[in-house]
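Observations on the three-dimensional arrangement
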Amino acid sequence: MGDVLLVRHGETAWSATGRHTGLTDVPLAPRGVEEAISLAPYFSGLSPALVLTSPLSRARSTARLAGLPDAPVDPDLHEWDYGAYEGITTAEIHRTRPDWTLWDDGVPPGDAEHPGEMPEQVGARADRVLKRVADALADRPGDAVLVAHGHFLRVLTARYLRLPPSDGRLFLLQTGTVGRLSTEHGEPVIAGWNTRPLP
């Protein structure tokens with residue numbers, strides 16, 4: 001099976017300030033546009049077997065600017081639904097819940113558009129994406145490219161490595177970077193992380 005390339009979207013105004021950005025459709029900031037464009041050499045000449053993107057515009061714009069136009073949308077690639085913590089920073093949450101962590105506690109429900117997710121729910125979405133990837137790569141040679149979001153891709157990485165969703169905490173993923181999931185002797189491994197093309 002080919003590798004799985006994970007592309008985190010470029011910076012947004014909310015990601016730059018640490019605000020939890022789940023289902024809110026925040027566009028790329030100017031720096032995020034630059035980050036996305038800078039990824040284009042990474043994909044130049046690449047003929048992936050599968051490209052999928054999150055439905056949110058910051059991911060779709062990143063895919064287009066990185067040279068992956070017309071990537072089909074996979075609804076399961078959306079970011080963690082942060083529920084009542086949408087748009088709030090961790091520092092703000094810790095004022096009332098000093099021991100809170102996203103990875104252990106999930107989030108409280110928000111309004112009807114932000115019901116919130118627990119780590120296991122995000123993990124279930126990641127498992128569905130990985131199944132689609134495995135099925136596609138079994139049918140045709142090449143790599144898969146997933147353009148999505150930091151927390152979701154961290155959970156997906158944990159699941160790829162056969163770890164619980166909460167172990168996504170171990171894989172800090174910066175905006176506008178690429179991770180590579182591969183295999184060695186039939187076992188899942190991380191072959192690259194937080195990479196960008198050389199200038």
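**Regarding the environment of Arg140**
- In this fold, Arg140 is placed in the loop between α7 (119-139) and β3 (144-148).
- Owing to a relative accessible area of 37%, Arg140 belongs among the partly exposed residues under this scheme.
- A C-alpha to C-alpha distance of 9.5 Å links Arg140 and Pro48, two positions 92 residues apart in sequence.
- The contacts of Arg140, once residues within four sequence positions are left out, are Ala49 and Leu50.
- In terms of polar contacts, Arg140 uses its side chain to reach the backbone carbonyl oxygen of Ala49, at 2.7 Å.

**Observations regarding the pairing of β3**
- Where burial is concerned, most of β3 is hidden: 5 out of the 5 residues are buried.
- The alternating pattern of β3 places Ala144, Leu146 and Ala148 and Val145 and Val147 on opposite faces, both of which are buried.
- With 5 bridges joining them, strand β1 (residues 4-8) and β3 adopt parallel strand pairing. Pairing of Arg8 across the sheet is with Ala148, part of β3.

**What to know about the environment of Pro98**
- One can find Pro98 in the loop between α5 (90-94) and α6 (102-105).
- Residue classification places Pro98 among the exposed residues on the basis of a relative accessible area of 57%.
- Separated by 85 residues in sequence, Pro98 and Ala13 have C-alpha atoms that sit 25 Å apart.

**Some details on the nonpolar core**
- Counting 34 residues, the largest nonpolar core has Val133, Leu146, Phe152 and Leu156 as its most contacted members.
- Of all the secondary-structure elements, those providing two or more residues to this core are β1, β2 (50-53), α6, α7, β3 and α8 (150-160).
- Looking at this core, the element that brings in the most residues is α7, giving 7 residues.
- When neighbours within four sequence positions are excluded, Leu156 is seen to be in contact with Leu6, Ala126, Val129, Leu130, Leu146 and Leu181.
- By size, the runner-up hydrophobic cluster in this structure holds 13 residues, among which are Leu39, Phe43, Ala63 and Leu68.

**Some points on unusual backbone geometry**
- Even without being a glycine, Asp70 presents a positive backbone phi close to 60°.
- Relative to the helices and strands, Asp70 is located in the loop between α4 (57-65) and α5.
- The exposure class assigned to Asp70 is exposed, which follows from its relative accessible area of 75%.

**Let's talk about the packing of α7 against α8**
- Between α7 and α8, whose axes approach to 9 Å, the crossing angle comes to 65°. Classified by the interaxial angle, the pair formed by α7 and α8 is roughly perpendicular. Classified by chirality, the crossing of α8 by α7 is right-handed. Only Phe152, Val155, Leu156, Arg159 and Tyr160 of α8 make contact with α7, whose side of the interface consists of Val122, Gly123, Arg125, Ala126, Asp127, Val129 and Leu130.
- Residue classes in the contact of α7 with α8 are distributed as 8 nonpolar, 1 polar and 3 charged.

**Brief notes about the pairing of strand β5 (residues 187-195)**
- Bridging between strand β4 (residues 178-184) and β5 involves 6 bridges; their strand directions are antiparallel. Note that in β5 the partner of Ser182 across the bridge is Val189.
- Hairpin remark: β4 followed by β5, antiparallel, with 2 residues in the connecting loop; positive phi at His185, about 55°.

**Concerning the pattern of salt bridges**
- Under the defined criterion, the tally for this structure stands at 13 salt bridges.
- Where Asp76 meets Arg128, a salt bridge forms, and the shortest distance between an N and an O atom there is 2.8 Å. Taken together, the positions of Asp76 in the loop between α4 and α5 and Arg128 in helix α7 put the pair 52 residues apart, joining distant regions of the chain.
- Classification of Asp76 by relative accessible area gives buried; the value is 12%.
- Put simply, Arg132 and Asp76 hold a salt bridge, and the shortest N to O gap is 2.6 Å. You can see Arg132 sitting in helix α7 and its partner Asp76 sitting in the loop between α4 and α5, a full 56 residues away along the chain.
- Residues joined by salt bridges that share partners form a network here, namely Glu11, Arg31, Glu35 and Arg196.

Basis of the calculations
- Residues numbered from 1 in each chain as written.
- Predicted model: local features only at pLDDT ≥ 70, side-chain atom pairs only at ≥ 80, totals over all residues.
- Heavy atoms only, no water.
- Helix = DSSP H or I, 4+ residues; strand = E, 2+ residues; numbered from the N terminus.
- Buried < 20%, exposed > 50% of the residue type's maximum accessible area, 1.4 Å probe, protein only.
- Contact = heavy atoms within 4.5 Å.
- Polar contact = N/O pair within 3.5 Å; in protein donor to acceptor, adjacent residues only side chain to side chain.
- Pairing = 2+ DSSP bridges.
- Core = buried A, V, L, I, M, F, W, Y, C linked by side-chain atoms within 4.5 Å.
- Axes fitted to C-alpha atoms, helices over the stretch in contact; angles between N-to-C directions.
- Parallel < 35°, antiparallel > 145°, perpendicular 65-115°, else oblique.
- Left-handed = near helix turned anticlockwise from the far one by under 90°.
- Nonpolar A, V, L, I, M, F, W, Y, C, P; charged D, E, K, R; others polar.
- Salt bridge = Lys/Arg side-chain N within 4 Å of Asp/Glu carboxyl O.

On their own, these measurements won't tell you what the molecule is for.
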